[in-house]
Amino acid sequence: MYKYYNKNNYKIMEFEFNSLNEFINYLDNIEINRNVFSNLASESKDYEFCKTLSLEEAKNLCKYGEHKDFQKLVDLKLELENYIKINNMTRRQHNYYVGYAPDVKAYLEGNPLSMFIRDYPTRKHIDIYYNASILGKVTTEQIYNRGAITLSLVDILESIGFGVELHIFTLSYVLPQVHYAKFNLKRSDERLNIQKLYFPLCNPSFLRRLVFRLREGTPNISKEWEVGYGKTANYDMIRDIIDLKNNDIIICQPEEMDINGYDIIEDAKNMFLYLNTINKDFKLKKK
């Protein structure tokens, strides 16, 4: 679950959780490192910054699912389906001995290959890496839009036949130390569960209360983390730390993808444009 090691001149504090329940149970039993953290950001009273009133509220929302704004997500998905076009699952039809429907013309001509059959391309696999860490100046609207667009994108990709593995992680640093937490919440053979993923992707309290709490109880962490709880890794640092394939999709900082938090469709356009620049085999296009 926790390990401390060196990689590429970084000293990495790595956590891994296989469920949100495992994550919350771990937080319930950690010992706060009071030698580093005298004022606990995880217990902040700033509702506008965290969008929860307390650490306990954030734990409950994370553990049991957040249902707020689900209709907003549904509406967004419909808008995105009307906006993007994905060139992928073309089906080829030909004749064979057995199939899903008869070819009347072939049958009347006495052709033994008198049934239609469809060939589907091999199911494609896509890995999406979502950095839930964000800068302190990032607004809750930017956080929501980035998360909601990602959830909608995964849902659309799965609905047309892609297997999507969603890797949710947080990656921040106070050099030479790097705090890296990964959450295994969505395998490629699992259907998207919006109720489970909505909170970690769309609510700022996942980072600003829960992951901050994790940092407050991290062994080996240096005193320098107390101010600001670390800086957020950019695209290049993420690739330095995580072993990725060239065409893996990385969801980075809202500013890196030009997500401003005002118009969600405009933010989606900007995010898709960004994704197209880093993924060689898969393109999102406007209809």
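The coordinates are above.
This report concerns the structure included in the present document. Remember, predicted model here, so these are calculated numbers, not experimental data. (Residues numbered from 1 in each chain as written. Predicted model: local features only at pLDDT ≥ 70, side-chain atom pairs only at ≥ 80, totals over all residues. Heavy atoms only, no water.)

Details of the overall build of the chain
A tally of regular secondary structure across the chain gives ten helices and twelve strands. Relative to its 287 residues, the chain shows a buried fraction of 51%. Looking at the chain alone, contacts between residues at least 24 apart form 73% of all its contacts between residues at least 6 apart. (Helix = DSSP H or I, 4+ residues; strand = E, 2+ residues; numbered from the N terminus. Buried < 20%, exposed > 50% of the residue type's maximum accessible area, 1.4 Å probe, protein only. Contact = heavy atoms within 4.5 Å.)

Considerations on the nonpolar core
Among soluble globular proteins, nonpolar side chains are generally buried collectively. One finds Phe23, Ile128, Phe183, Phe206, Leu210, Ile238 and Ile241 to be the most contacted residues of the largest nonpolar core, which totals 85 residues. When residues of this core are assigned to their parent elements, the largest contribution, nine residues, is made by helix H6 (residues 140–159). When neighbours within four sequence positions are excluded, Leu210 is seen to be in contact with Phe23, Ile24, Leu27, Leu55, Ala58, Lys59, Cys62, Phe199 and Ser205. (Core = buried A, V, L, I, M, F, W, Y, C linked by side-chain atoms within 4.5 Å.)

What to know about the packing of H6 against helix H7 (residues 194–202)
The N-to-C vectors of H6 and H7 enclose an angle of 145°; their axes lie 8 Å apart at closest approach. Judged by the sense of rotation from one axis to the other, the crossing of H6 with H7 is right-handed. Only Ile194, Leu197, Tyr198, Leu201 and Cys202 of H7 make contact with H6, whose side of the interface consists of Ile143, Tyr144, Gly147, Ala148, Thr150 and Leu151. Residues belonging to the contact of H6 with H7 are distributed by class as follows: nine nonpolar, two polar and no charged. (Axes fitted to C-alpha atoms, helices over the stretch in contact; angles between N-to-C directions. Left-handed = near helix turned anticlockwise from the far one by under 90°. Nonpolar A, V, L, I, M, F, W, Y, C, P; charged D, E, K, R; others polar.)

Focus on the packing of aromatic side chains
Scanning the entire structure with this criterion turns up 14 aromatic pairs. Look at Tyr2 and Phe15: their rings are 4.7 Å apart centre to centre, the planes differ by 40°, and that puts the pair in the tilted class. Remark: Phe15 occurs in strand S2 (residues 10–17) and Tyr2 occurs in strand S1 (residues 2–7); sequence separation between them is 13 residues. For Tyr2, a relative accessible area of 26% puts it in the partly exposed group. Each residue in the set Tyr2, Phe15, Phe17, Phe23, Tyr26, Phe183, Phe199 and Phe206 is aromatic and connected to the rest through ring pairs, giving one cluster. If you follow Arg146 out to its NZ or CZ, it ends over the ring of Tyr130, 4.5 Å from the centre. Sitting over the ring of Phe49, Arg208 keeps its end group 3.8 Å from the ring centre. (Phe/Tyr/Trp six-rings, centres within 6.5 Å; stacked < 30°, edge-to-face > 60°. Lys NZ or Arg CZ within 6 Å of the ring centre and 35° of its normal.)

So, unusual backbone geometry
Cis geometry is adopted by the peptide bond preceding Pro176, which originates at Leu175 and carries an omega value of 5°. Here Pro176 is to be found in the loop between strand S8 (163–174) and strand S9 (177–186). In this model, Asn9 sits at a positive phi of 70°, which is unusual for a non-glycine residue.

Things to note about the side chain of Ser172
Turning to its location among the elements, Ser172 is positioned in strand S8. Among the polar contacts listed, one links the side chain of Ser172 to the side chain of Ser133, at a separation of 3.3 Å. What Ser172 contacts, discounting residues up to four positions off in sequence, is Ser133, Gln177, Val178, His179, Arg215, Trp225, Gly230, Lys231, Thr232 and Ala233. (Polar contact = N/O pair within 3.5 Å; in protein donor to acceptor, adjacent residues only side chain to side chain.)

A closer look at the packing of helix H3 (residues 55–64) against helix H8 (residues 205–216)
For the pair H3 and H8, interaxial distance at closest approach is 10 Å and the crossing angle is 105°. Between H3 and H8, the crossing angle belongs to the class labelled roughly perpendicular. Contacts from Leu55, Ala58, Lys59 and Cys62 of H3 reach H8 at Ser205, Phe206, Arg209, Leu210 and Arg213. For the contact of H3 with H8, the residue count by class is five nonpolar, one polar and three charged. (Parallel < 35°, antiparallel > 145°, perpendicular 65-115°, else oblique.)

Some details on the pairing of S8
Across the twelve residues that make up S8, a large majority, eleven, are buried. Where strand S7 (residues 125–131) and S8 come together, seven bridges link them in parallel fashion. Its bridge partner being in S8, Asn131 is matched across the sheet by Phe169. Relative to S9, S8 is paired through nine bridges, and the arrangement is antiparallel. Its bridge partner being in S9, Ile168 is matched across the sheet by Phe183. The turn joining S8 and S9, which pair antiparallel and follow one another in sequence, is formed by two residues. (Pairing = 2+ DSSP bridges.)

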